[in-house]
Amino acid sequence: MASSDALPGPRRPRPMSPHLSIYRPTMTMAMSIAHRISGAALYVGVLLLAWFLIAASADSSSFAVFSDFIGSFIGRLVLFVVTWALFHHLVGGIRHIVWDAGYGLDAPLRDQMAWATLIGGFALTIFVWSIGFAVR
Amino acid sequence: MVDHPSDLRTPLGRVRFLGSARVGTTEARLVHLTSVALVPLTIGFVCLMLDLLRKDYNGVRAVLTRPIPAILLLAFILAGIVHMELGMRSIIVDYIGGHARAWALAANTCFAALLALACLYATLRVAFT
């Protein structure tokens, strides 16, 4: 098998990761997908930060357009989703740092850490929004 | 690896360009470096935004002229956008093939670079006025 890679001629297709159609869903798989989705959401969500900073660097009327949007229902909904994506990705990222260090890979703990990511992401989002409404 | 007498290529010639670790580890290490850096930076950023989002135009500008909030924001933008570019790179490589991959990778890098420059420029402009 190994030698066929080295033979001349048309190259064998690159190996692909066995995923959704190969393995039944697990909690760690779900959180792996959620990590990627939340990361992609932040890719779009960072535009909100760019808008905020550019508006603050321009005149006060530009900033008012941003303030009106972020204060609106749609604006708050978008900010809430981005806040969740940020915290979910943060907690998931810490989980990956721990795993990369070689800890928490055993059967019960890895699933507990995956659940902690899901719960922690929502908990931190609600916690920070509570502070946001309290200090407003 | 089995040696094929009919093959004129050297063992090195056969394995070259099949994939290498010349720059692959650099990318992975940069993802890890930025991810570790982003743990404290994100906490700081969220605290800063909790303060900024309740302020008006002049209030926001007053905060960003102070060094610690400005430097925190600059560090968050730099680490965050580098991390974001590398993350999207791995998504593109996983799902897009052929010529579209090269275009997607180029678009990703250009988007991230412009976004980083816009955010850094805006922050510095507020900080220095």
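Residues numbered from 1 in each chain as written. Chains lettered and ligands numbered in written order. Predicted model: local features only at pLDDT ≥ 70, side-chain atom pairs only at ≥ 80, totals over all residues.

(A) Spatial organisation of the overall build of chain B. Scanning chain B from terminus to terminus reveals five helices and zero strands. Taken against the 2.2 N^0.38 rule, which gives 14 Å for 129 residues, the C-alpha radius of gyration of chain B at 22 Å runs more than 25% over that of a compact globule. Once the C-alpha set of chain B is aligned to its principal axes, its extents read approximately 75 × 30 × 25 Å. The burial tally for chain B puts 18% of its 129 residues in the buried class. (Helix = DSSP H or I, 4+ residues; strand = E, 2+ residues; numbered from the N terminus. Rg over C-alpha atoms; globule rule 2.2 N^0.38 Å. Buried ≥ 20, exposed ≤ 12 C-beta atoms within 10 Å, placed from the backbone.)

(B) The overall build of chain A, seen in detail. For chain A, the count of helices and strands is four helices and zero strands. Secondary structure elements of chain A occur, N-terminal to C-terminal, as α-α-α-α. Long-range contacts, defined here as pairs at least 24 residues apart, represent 71% of the contacts in chain A between residues at least 6 apart. (Contact = placed C-beta atoms within 7 Å.)

(C) Region of interest: the packing of helix H1 (residues 27–57) of chain A against helix H4 (residues 67–95) of chain B. Closest axis-to-axis distance for the H1 of chain A/H4 of chain B pair is 10 Å, and the angle between their directions is 130 degrees. With respect to each other, H1 of chain A and H4 of chain B are oriented oblique. At the point where H1 of chain A passes H4 of chain B, the crossing takes the left-handed sense. Along its contact with H1 of chain A, which presents Arg36, Gly39, Ala40, Leu42, Tyr43 and Val46 of chain A, the element H4 of chain B presents Gly80, Met84, Gly87, Met88 and Ile91 of chain B. Here the residues of the contact of H1 of chain A with H4 of chain B sort into seven nonpolar, three polar and one charged. (Axes fitted to C-alpha atoms, helices over the stretch in contact; angles between N-to-C directions. Parallel < 35°, antiparallel > 145°, perpendicular 65-115°, else oblique. Left-handed = near helix turned anticlockwise from the far one by under 90°. Nonpolar A, V, L, I, M, F, W, Y, C, P; charged D, E, K, R; others polar.)

(D) The nonpolar core, seen in detail. In this structure, Ala56 of chain A together with Met84 of chain B are the most contacted members of the largest nonpolar core, which totals 31 residues. Within the residue set of this core, elements represented by two or more residues are H1, helix H2 (60–71) and helix H3 (73–100) of chain A together with helix H3 (57–64), H4 and helix H5 (98–127) of chain B. A total of eight residues in this core trace back to one element, the largest contributor, which is H1 of chain A. Dropping the residues within four chain positions of it, alanine 56 of chain A is found in contact with Phe63 of chain A together with Val60, Arg61, Leu64, Ala122 and Val126 of chain B. (Core = buried A, V, L, I, M, F, W, Y, C linked by C-beta atoms within 7 Å.)

(E) Summary view of the interface of chain B and chain A. Each partner contributes to the interface: chain B provides 29 residues, whereas chain A provides 30 residues. Those elements that place two or more of their residues in the side of chain B that touches chain A are helix H2 (24–52), H3, H4 and H5 of chain B.

(F) The environment of threonine 109 of chain B, seen in detail. Residue and element names in this part refer to chain B. Relative to the helices and strands, threonine 109 is located in helix H5. Note on threonine 109: 13 C-beta atoms within 10 Å, which makes it partly exposed. Put simply, threonine 109 and leucine 64 are 45 residues apart on the chain and 28 Å apart in space, counted from C-alpha to C-alpha.

(G) Examining the environment of phenylalanine 45 of chain B more closely. All names here are of chain B. As for its placement among the helices and strands, phenylalanine 45 is situated in helix H2. A C-alpha to C-alpha distance of 7.0 Å links phenylalanine 45 and phenylalanine 76, two positions 31 residues apart in sequence. For phenylalanine 45, the contacting residues outside a window of four places in its chain are Leu72 and Phe76.

(H) Just the confidence of the model for chain B, in detail. Taken as a whole, chain B shows an average pLDDT of 92; of its residues, 93% reach a score of 70 or greater. As a predicted assembly, this complex carries a pTM of 0.85 together with an ipTM value of 0.85. (pLDDT = per-residue confidence, 0-100.)

(I) Geometry of the environment of alanine 37 of chain B. Residues and elements named next belong to chain B. Of note, alanine 37 is situated in helix H2. For alanine 37, a count of 17 C-beta atoms within 10 Å puts it in the partly exposed group. For the pair alanine 37 and alanine 127, spaced 90 residues apart in the sequence, the C-alpha separation amounts to 23 Å.

(J) Representation of H1 of chain A in the model. End to end, H1 of chain A covers 44 Å across 31 residues, agreeing with the expected 45 Å (1.5 Å per residue, within 8%). Most pronounced at tyrosine 43 of chain A, the bend in H1 of chain A amounts to some 30 degrees. (Expected span 1.5 Å × (residues − 1). Bend = angle between axes of the 7 residues up to and from the residue.)

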